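Descriptive structure summary
Listed here are the chains, written in short residue letters.
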Amino acid sequence: MSDRVSLEALRYAQAVSETHSFGAAARAYGVTQPALSTGISKLEDRLGERLFERSPRGVVPTAFGAHLLPVIDRALLAVDQVAAEAARWNRSADARVRVGVSPLMNPAIVARAYTAVCALPASPAPRQLVLREANVADLRRELSAGELDLILVPSVAPMPRFRHRIVDAEPVVVVDHEPSQGGAVELSDLTDTPLILMPDTCGLTTFTTDLFDANDVPLSAYDGEAATYRVLEEWAKLGLGTAVIPRSKLASPDAPHRPLRERGMDVEIFYEAVWDPSSPLADDLADLTAALSLDAVTADS
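Parameters and conventions
- Residues numbered from 1 in each chain as written.
- Predicted model: local features only at pLDDT ≥ 70, side-chain atom pairs only at ≥ 80, totals over all residues.
- Heavy atoms only, no water.
- UniProt positions renumbered as here; feature names shortened; annotations may be inferred.
- Helix = DSSP H or I, 4+ residues; strand = E, 2+ residues; numbered from the N terminus.
- Rg over C-alpha atoms; globule rule 2.2 N^0.38 Å.
- Buried < 20%, exposed > 50% of the residue type's maximum accessible area, 1.4 Å probe, protein only.
- Contact = heavy atoms within 4.5 Å.
- Areas by Shrake-Rupley, 256 points an atom, 1.4 Å probe, with all protein chains shown as cover.
- Lys, Arg positive; Asp, Glu negative; His and termini not counted.
- Charge placed at Lys NZ, Arg CZ, Asp CG, Glu CD.
- Expected span 1.5 Å × (residues − 1).
- Arc of directions from axis to C-beta.
- Core = buried A, V, L, I, M, F, W, Y, C linked by side-chain atoms within 4.5 Å.
- Domains from an automatic or database assignment.
- Buried area = accessible area lost by both parts, 1.4 Å probe.
- Polar contact = N/O pair within 3.5 Å; in protein donor to acceptor, adjacent residues only side chain to side chain.
- Nonpolar A, V, L, I, M, F, W, Y, C, P; charged D, E, K, R; others polar.
- Axes fitted to C-alpha atoms, helices over the stretch in contact; angles between N-to-C directions.
- Parallel < 35°, antiparallel > 145°, perpendicular 65-115°, else oblique.
- Left-handed = near helix turned anticlockwise from the far one by under 90°.
- Phe/Tyr/Trp six-rings, centres within 6.5 Å; stacked < 30°, edge-to-face > 60°.
- Pairing = 2+ DSSP bridges.

Looking at an unreviewed UniProt entry, one finds the protein chain named DNA-binding transcriptional regulator, LysR family and attributed to Microbacterium paraoxydans. Its UniProt record gives the protein chain the following Sequence similarities (unreviewed entry) comment, quoted word for word: "Belongs to the LysR transcriptional regulatory family."

Across its full length, the protein chain carries ten helices and 13 strands. Computed over its C-alpha atoms, the radius of gyration of the protein chain comes to 21 Å, within 12% of the 19 Å expected for a compact globule of 301 residues. Split into buried and exposed, the 301 residues of the protein chain put 45% on the buried side. Considering only residue pairs separated by 6 or more positions, the protein chain has 74% of its internal contacts joining residues 24 or more positions apart. Working note: accessible area of the protein chain is about 15000 Å², and carbon and sulfur atoms make up 53% of it. Treating the 28 positive side-chain charges of the protein chain as one cloud and the 42 negative ones as another, the clouds have centres 5 Å apart.

Moving on to helix H5 (residues 107-118). Here H5 is twelve residues long and its end C-alpha atoms lie 17 Å apart, about the 16 Å a rise of 1.5 Å per residue gives. For H5, every residue scored as buried is listed here: Ile109, Ala113, Ala116 and Val117. One side of H5 holds all its buried residues, which, seen down the axis, span an arc of 95 degrees. Facing away from the buried side of H5 by more than 90 degrees, the exposed set consists of Pro107, Tyr114 and Thr115.

Moving on, we get to the nonpolar core. Ranked by size, the top nonpolar core spans 50 residues in total, and within it Leu152, Leu190, Leu232 and Leu260 carry the most contacts. Per-element accounting of this core gives the leading share, five residues, to strand S6 (residues 163-175). If we skip the residues at most four places from it in the chain, Leu152 touches Val99, Gly100, Val101, Ser102, Met105, Ile109, Ala113, Val167, Glu272, Ala273 and Leu292.

Before going further, it helps to spend a moment on the domain arrangement of the protein chain. Examined at the domain level, the protein chain breaks down into domain 1 (7-89), domain 2 (95-159 + 282-297) and domain 3 (169-269). Using only C-alpha atoms to locate each centre, domain 2 and domain 3 end up separated by 27 Å. Facing the eleven residues of domain 2 at the interface are 14 residues of domain 3. Buried surface at the junction of domain 2 and domain 3, both sides included, amounts to about 900 Å², of which 61% is carbon and sulfur. Applying the counting criterion to the domain 2 and domain 3 interface returns five residue pairs in polar contact (both at pLDDT 80 or more). Partitioned by chemical class, the residues of the side of domain 2 that touches domain 3 number eight nonpolar, three polar and no charged.

So, about the packing of helix H1 (residues 7-19) against helix H2 (residues 22-29). As a packed pair, H1 and H2 sit with axes 8 Å apart at the nearest point and diverge in direction by 125 degrees. Of the possible angle classes, the one that applies to H1 and H2 is oblique. Crossing handedness for the pair H1 and H2: right-handed. Counting all contacts with H1, which are made through Arg11, Tyr12, Ala15, Val16 and Thr19, the residues of H2 involved are Phe22, Ala24, Ala25 and Tyr29. Here the contact of H1 with H2 is composed, by residue class, of seven nonpolar, one polar and one charged.

This part is about the packing of aromatic side chains. Tallied over the entire structure, the rule returns two aromatic pairs. Centroid distance Phe22 to Phe52: 6.2 Å. Interplanar angle 80 degrees. Geometry classified as edge-to-face. Within this pair, whereas Phe22 is found in helix H2, its partner Phe52 is found in strand S1 (residues 52-55), the two being separated by 30 residues in sequence. On the numbers, 6.3 Å between centres and 70 degrees between planes, the contact of Tyr222 with Trp235 is edge-to-face. Separated by 13 residues along the polypeptide, Tyr222 in strand S9 (residues 221-225) and Trp235 in helix H8 (residues 229-238) bring together distant segments of the chain. Overall, Trp235 belongs to the partly exposed group, its relative accessible area being 25%.

Pairing geometry for S6 and strand S13 (residues 268-275), over eight bridges, is antiparallel. Bridged to Asp168 within S13 is Tyr271. Sheet topology note: the S6/strand S10 (residues 243-246) ladder contains four bridges and is antiparallel. Pairing of Val174 across the sheet is with Val244, part of S10. Judged from the two bridges that link them, S6 and strand S11 (residues 258-262) form a sheet pairing that is antiparallel. Within the sheet, the bridge partner assigned to Val173 lies in S11 and is Pro259.

The next point concerns helix H3 (residues 33-47). Spanning 15 residues, H3 covers 21 Å between terminal C-alpha atoms, matching the ideal 21 Å at 1.5 Å per step. Against the buried residues of H3 lie H1, H2 and S1. Of the residues trailing H3, Gly48 is marked for its positive phi of about 95 degrees.

As a further point, take unusual backbone geometry. If you check the backbone angles, Asp216 has positive phi at about 55 degrees while not being a glycine. Residue Asp216 is classed as exposed on the basis of its relative accessible area of 69%. Notably, Arg263 is not glycine yet its phi reads approximately 55 degrees, a positive angle. Tracing the backbone through its elements, the reader meets Arg263 in the loop between S11 and strand S12 (265-266).

Put into structure tokens, the structure is as follows:
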């Protein structure tokens, strides 16, 4: 057996420790649950003991895991700092602000980010916004490696040691083939309705499954998957199932839809900015995210 410990497996173990769930950890890294479980199993074989066990509270560390997981956290932090420090060394005079964006983000947030970056003080030159749209797991990895300065993502997964600020929220709506019925839809009413989902990359499927789980509502998934928000909406209108989608992702503001509610309250999806507090741009990023925050938007409206 090789003496090498897989860095990927260490990250999987850290994610399970943070989320207390193999499924949630797999979603956070954009891999299948069997792939993540296999990686952790090989790591446990290499280390000689199991790291986790299942309990009524979910997945919890064993005594061995409780001892080793803080060491794993420190090791991964050191690895991430290598890339981050190299990036800082090479960016001392870089005027760019590199922002990663999930495809799920409301375009209005990106527009506000552009305005906020332009308002930052020139140091040494006017700041330039450089956008990258990618899957949430890729954005998280690139932020950890210092390849991005800030990411704008749905608030669906933990990312310890980084700063987080909620920057927006919007209603979630239901699209189906009977919009003429009108009125809001209670989450509990979707129990027996096939729900059309997308690949778990942008954060929408994670949000949806977590929403159902948190409210103890069974989710019945449609057998197929839609690749885009437009297809998600079109399939729902055909009657293949029901789609749950942020209102900004409708094909048009006038597209037929109904509000989604939980116990009479409108369901919202929240978006957050995440950044490294040790970044050389930390002060600028704090100012930028403050300008993007819900409090700032409310004050301006």
